[in-house]
Amino acid sequence: MLRDITIGQYLARDTAVHRLDPRTKIMSTMLFMLLLFLVRQLAGYVFLGVFTAAIVVLAGIPPRMLLRSIRSLAFILALTFLLQLFMTRGEPLFRLGPLVATREGLNMGTFMICRLTLLVVMTSLLTLTTSPIALTDGLEHLLRPFRRLGVPAHELAMMMTIALRFIPTLLEEADKIMKAQMARGADFRSGNLLRRARSLIPLLVPLFVSAFRRADELALAMEARCYRGGEGRTRMKQLAFAARDGIALTTVAVMFLGVLFLRGRP
Amino acid sequence: MDGPLIRLEQVTHRYDPGRPDQVALDGVDLEVAAGEFVAVVGANGSGKSTLAKHLNALLLPTEGAVRVAGLDTRDPGAAWEVRRMVGMVFQNPDNQIVATVVEEDVAFGPENLGVEPSTIRARVKEALAMVRMSEFRARAPHLLSGGQKQRVAIAGILAMRPRCLVLDEATSMLDPSGRDEVLNTIRRLNKDEGLTVVHITHFMEEAGAADRVVVMDRGRVVLQGSPRTVFTQARRLERMGLEVPPITALAGILAAAGLPISAASLSVEEVVDALCPSS
């Protein structure tokens with residue numbers, strides 16, 4: 001039953017967006033996130049919304065997958081909107097008991113909703129169109145220049161790779177332990193929250209013990225294969241920017257500069 | 001090259017220096033020639049796994065010395081070259097695969113050695129072909145069978161261009177068909193590629209395929225020789241918690257009963273030929 005869980009939410013397709021270099025996608029997403037917080041006009045958000053929708057279509061992602069991730073955020077979106085509406089000082093619109101809604105609040109609230117929605121959609125697009133392995137590779141390359149500042153780029157990437165490698169193995173094992181405990185009469189499903197949490201102990205203890213044993217053996221195997229950290233290590237797979245990466249990065253950069261320019265005007 | 005590829009001289013190993021009475025290896029002398037297929041057998045706790053980990057400097061001798069192609073494993077500068085030359089496949093297939101894609105895992109070793117990316121790609125391709133796993137190169141390792149995982153692990157070693165392959169009970173967690181896959185692979189690598197193989201196992205029938213069988217008991221090498229000469233010592237092996245393969249045991253009983261058959265027969269065919277000689 002645990003085996004149905006997929007890691008990340010990568011949707012394997014063969015589109016221009018999927019083929020982009022992971023570094024391009026990570027950098028563009030980061031620039032886009034910055035943009036979201038710089039834009040101050042509703043027209044700006046409409047433009048960014050259209051841009052996002054264009055990418056969704058280009059990447060062949062079914063919109064309902066994105067709607068699902070927005071829906072899970074509905075509560076936070078509503079709460080943010082209400083807080084902005086009533087807590088911002090300014091020209092009163094209407095009164096609700098002791099609370100005063102303002103015009104400025106309405107504006108801020110609407111912007112917040114636009115920002116958060118586009119933020120969620122864009123980051124989902126990143127993980128939907130980039131495999132976890134490609135993401136890890138991209139992150140390692142992007143963090144490399146910061147190594148001198150003490151950012152352990154290689155180590156982080158290695159940890160992510162190993163985690164990705166062992167998630168299915170550990171899920172399989174958890175499933176096995178769960179069945180073994182159920183065969184001895186363990187009950188994982190009934191009772192209140194506390195009771196159910198406590199019933200997980202006979203699952204988690206063996207799982208952890210085994211994970212530590214695995215880690216120990218893996219470390220030995222890695223050492224036997226001459227692993228000694230990122231120093232002097234090469235990679236078989238080399239990332240290479242293509243023409244489409246140039247186009248994508250230029251597009252985002254132009255958008256970014258455009259917004260900065262518009263912001264400078266009254 | 002002159003002399004043996006691996007030479008162990010009076011190797012003693014204690015895991016806990018505070019307890020000198022507990023010795024995992026007790027004065028082991030052993031030589032492995034280049035191109036040889038050696039099987040090391042022994043019951044649990046006989047020290048065979050400890051011995052294996054001495055061959056690639058994962059463990060260092062408390063006393064004595066291990067030399068690989070002339071390099072002393074205690075020399076910290078030589079450890080990585082020793083590990084490149086002597087590759088090791090471990091018992092649990094799941095706990096030695098690092099990457100999320102088969103070919104990336106095979107590339108792990110050469111990447112650690114700092115090999116050129118284009119050369120790595122060529123070596124990975126070649127290594128996967130040698131273990132007949134080329135069609136699985138883009139698969140996720142957790143979807144492979146145990147035997148296939150061990151073959152990927154072997155490919156990962158081959159891509160480092162080793163001189164010797166050590167299998168530390170690499171077949172003990174596999175089902176019979178997985179065991180056959182791995183055994184056929186190492187036998188082929190030994191014959192066709194001239195790769196030196198040290199196969200640590202507690203399955204006596206697997207030792208039958210080796211050039212030489214080394215029997216370990218309580219940290220010592222107690223018996224060694226061709227499978228035939230070792231298997232004739234059925235009683236002695238049993239006292240050490242080892243059993244000769246069933247067909248050899250049967251041949252022994254038949255020979256004792258006066259039938260014209262060698263007590264050290266290794267295969268069913270051999271027994272059939274001895275009992276019913278075709279005219």
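As the structure is a computational prediction, the values presented were derived from the model and not from experiment. (Residues numbered from 1 in each chain as written. Chains lettered and ligands numbered in written order. Predicted model: local features only at pLDDT ≥ 70, side-chain atom pairs only at ≥ 80, totals over all residues. Heavy atoms only, no water.)

1. Observations regarding the sheet that holds strand S2 (residues 25-32) of chain B
Hydrogen bonding along the main chain pairs the strands of a sheet, whether they run parallel or antiparallel.
All names here are of chain B.
Argument step 1. Within the open sheet, the four strands sit side by side as S2-S1-S4-S5. Their pairing is antiparallel. The two strands at the open ends of the sheet, each matched to only one other strand, are S2 and strand S5 (71-72).
Argument step 2. In this structure, strand S1 (residues 6-13) lies alongside strand S4 (residues 63-68), joined through five bridges in antiparallel fashion. What sits directly across from Ile6, in S4, is Val68.
Argument step 3. Its contacts with the sheet place helix H1 (residues 48-55) against S1, S2 and S4, and it is angled at close to 125 degrees to S1. (Pairing = 2+ DSSP bridges. Helix = DSSP H or I, 4+ residues; strand = E, 2+ residues; numbered from the N terminus. Contact = heavy atoms within 4.5 Å. Axes fitted to C-alpha atoms, helices over the stretch in contact; angles between N-to-C directions.)

2. Regarding the interface of chain A and chain B
Argument step 1. With 29 residues of chain A at the contact, the number on the chain B side is 38 residues.
Argument step 2. Between chain A and chain B lies a buried interface of about 3,200 Å² when both sides are counted; carbon and sulfur atoms form 58% of it.
Argument step 3. Of all residues in chain A, Arg165, Arg225 and Met236 of chain A give up the largest surface area on contact with chain B, accounting jointly for 30% of the area buried on that side.
Argument step 4. Linking chain A to chain B there are seven salt bridges.
Argument step 5. Of the charged contacts in the structure, one is a salt bridge between Glu104 of chain B and Lys237 of chain A, with a shortest N-O distance of 3.1 Å.
Argument step 6. Contributing elements (two or more residues each) for the side of chain A that touches chain B: helix H8 (153-183) and helix H10 (201-224) of chain A.
Argument step 7. A total of nine residues in the side of chain A that touches chain B trace back to one element, the largest contributor, which is H10 of chain A.
Argument step 8. Its residues placed into classes, the side of chain A that touches chain B shows 14 nonpolar, five polar and 10 charged. (Buried area = accessible area lost by both parts, 1.4 Å probe. Salt bridge = Lys/Arg side-chain N within 4 Å of Asp/Glu carboxyl O. Nonpolar A, V, L, I, M, F, W, Y, C, P; charged D, E, K, R; others polar.)

3. Overview of the side chain of Gln150 of chain B
Residues and elements named next belong to chain B.
Argument step 1. Relative to the helices and strands, Gln150 is located in helix H5 (residues 146-158).
Argument step 2. Assessed through its relative accessible area of 0%, Gln150 is described here as buried.
Argument step 3. Looking at Gln150, its side chain comes within polar contact range of the main-chain oxygen of Phe90, at 2.9 Å.
Argument step 4. The contacts of Gln150, once residues within four sequence positions are left out, are Val89, Phe90, Gln91, Pro93, Gln96, Ala170, Leu174 and Val182. (Buried < 20%, exposed > 50% of the residue type's maximum accessible area, 1.4 Å probe, protein only. Polar contact = N/O pair within 3.5 Å; in protein donor to acceptor, adjacent residues only side chain to side chain.)

4. So, a nonpolar patch on the surface
Residues and elements named next belong to chain A.
Argument step 1. A surface patch of nonpolar side chains, about 550 Å² in accessible area, is lined by Phe75, Ile76, Leu79, Leu83 and Met87.
Argument step 2. Topologically, Ile76 is positioned in helix H5 (residues 74-87).
Argument step 3. Its relative accessible area of 44% is what places Ile76 among the partly exposed residues. (Patch = residues over 30% accessible without salt bridge, like charges linked within 9 Å, V, L, I, M, F, W, Y side chains within 5 Å. Areas by Shrake-Rupley, 256 points an atom, 1.4 Å probe, with all protein chains shown as cover.)

5. A closer look at the sheet that holds strand S6 (residues 86-89) of chain B
Residue and element names in this part refer to chain B.
Argument step 1. If you walk across this open sheet you meet the six strands as S6-S7-S8-S3-S9-S10, and the pairing is mixed. The open sheet has two free edges, formed respectively by S6 and strand S10 (220-225), since each of these has just one partner strand. With strand direction ignored, the average angle separating the axes of adjacent strands in the sheet is 20 degrees.
Argument step 2. Relative to S10, strand S9 (residues 212-217) runs antiparallel, the two being bridged by five bridges. Within S10, the position partnered with Val214 by the bridge is Gln224.
Argument step 3. Packed on one face of the sheet, H5 meets S6 and strand S7 (164-168) and runs near 165 degrees to S6.

6. A look at the packing of helix H4 (residues 63-71) of chain A against helix H6 (residues 103-129) of chain A
All names here are of chain A.
Argument step 1. Contact geometry of H4 with H6 gives a least axis separation of 10 Å together with a crossing angle of 130 degrees. Between H4 and H6, the crossing angle belongs to the class labelled oblique. For the pair H4 and H6, the crossing hand works out as right-handed. Of H6, the residues touching H4 (which contributes Met65, Leu66, Ser69 and Ile70) are Thr117, Val120, Val121, Ser124 and Leu128.
Argument step 2. Of the residues assigned to the contact of H4 with H6, the class counts are six nonpolar, three polar and no charged. (Parallel < 35°, antiparallel > 145°, perpendicular 65-115°, else oblique. Left-handed = near helix turned anticlockwise from the far one by under 90°.)

7. Regarding unusual backbone geometry
Residue and element names in this part refer to chain B.
Argument step 1. For Ala57, which is not glycine, the phi torsion reads 65 degrees and is therefore positive.
Argument step 2. Take Ala57: it is sitting in the loop between H1 and S4.
Argument step 3. Backbone geometry places Arg218, a non-glycine residue, at a positive phi of 45 degrees.
Argument step 4. Residue position: Arg218 is located in the loop between S9 and S10.
Argument step 5. Judged by relative accessible area, Arg218 falls into the exposed class, the value being 66%.

8. Some points on the pattern of salt bridges
Argument step 1. Counted under the stated rule, the structure contains 35 salt bridges over all chains.
Argument step 2. Arg74 of chain B is paired through a salt bridge with Asp72 of chain B; the nearest N and O atoms lie 3.0 Å apart.
Argument step 3. Each of Asp137, Glu140, Arg144, Arg233, Arg235 and Lys237 of chain A together with Glu104 and Glu111 of chain B takes part in a single network of salt bridges with overlapping partners.

9. Focus on the nonpolar core
Residues and elements named next belong to chain B.
Argument step 1. Ile154, Leu165, Leu167, Val215 and Leu237 are the most contacted members of the largest nonpolar core, which totals 47 residues.
Argument step 2. Beyond its immediate stretch of four places on either side in the chain, Leu237 contacts Met204, Val215, Leu223, Val230, Phe231, Leu242 and Val244.
Argument step 3. Ranked by size, the runner-up nonpolar core spans 32 residues in total, among them Ile6, Leu30, Val38 and Met88. (Core = buried A, V, L, I, M, F, W, Y, C linked by side-chain atoms within 4.5 Å.)

10. A short note on the packing of H8 of chain A against H10 of chain A
Residues and elements named next belong to chain A.
Argument step 1. Here H8 crosses H10 at 140 degrees, and the two axes come no closer than 10 Å. Accordingly, the angle class assigned to the pair H8 and H10 is oblique. Judged by the sense of rotation from one axis to the other, the crossing of H8 with H10 is right-handed. Contacts between H8 and H10 involve Met158, Ile162, Phe166, Thr169, Leu170, Glu173, Ala174, Ile177, Met178 and Gln181 from the former and Pro202, Leu203, Pro206, Leu207, Ser210, Ala211, Arg214, Leu218 and Met222 from the latter.
Argument step 2. Split by residue class, the contact of H8 with H10 holds 14 nonpolar, three polar and two charged.

11. Topic: the side chain of His13 of chain B
All names here are of chain B.
Argument step 1. Residue position: His13 is located in strand S1.
Argument step 2. Within the structure, His13 has its side chain in polar contact with the side chain of His54 (distance 3.2 Å).
Argument step 3. Once you skip the residues sitting within four places of it in the chain, His13 turns out to touch Val23, Ala24, Leu25, Thr50, His54, Leu59, Leu60, Pro61 and Thr62.

12. Overview of the domain arrangement of chain A
Argument step 1. Each assigned domain of chain A is listed here: domain 1 (2-130 + 239-264) and domain 2 (153-224).
Argument step 2. Each of domain 1 of chain A and domain 2 of chain A was reduced to a C-alpha centroid, and the two centroids are 35 Å apart. (Domains from an automatic or database assignment.)

13. Quick notes on the packing of aromatic side chains
Argument step 1. All told, the structure shown has four aromatic pairs over all chains when counted by the stated rule.
Argument step 2. With centroids separated by 6.0 Å and ring planes inclined at 25 degrees, the aromatic side chains of Phe32 of chain A and Phe51 of chain A adopt a geometry described as stacked. Linking Phe32 of chain A in helix H2 (residues 22-38) with Phe51 of chain A in helix H3 (residues 42-58), this pair joins segments that are 19 residues apart in sequence. Side by side, Phe32 of chain A and Phe51 of chain A carry an identical accessibility label, which is buried.
Argument step 3. Look at Phe86 of chain A and Phe94 of chain A: their rings are 6.4 Å apart centre to centre, the planes differ by 85 degrees, and that puts the pair in the edge-to-face class.
Argument step 4. Note on Phe86 of chain A: relative accessible area 15%, which makes it buried.
Argument step 5. The residue whose ring lies beneath Arg165 of chain A is Phe166 of chain A, and the NZ or CZ to ring-centre distance is 4.4 Å.
Argument step 6. Over the ring of Phe203 of chain B we find Arg179 of chain B; its NZ or CZ atom is 3.7 Å from the centre of that ring. (Phe/Tyr/Trp six-rings, centres within 6.5 Å; stacked < 30°, edge-to-face > 60°. Lys NZ or Arg CZ within 6 Å of the ring centre and 35° of its normal.)

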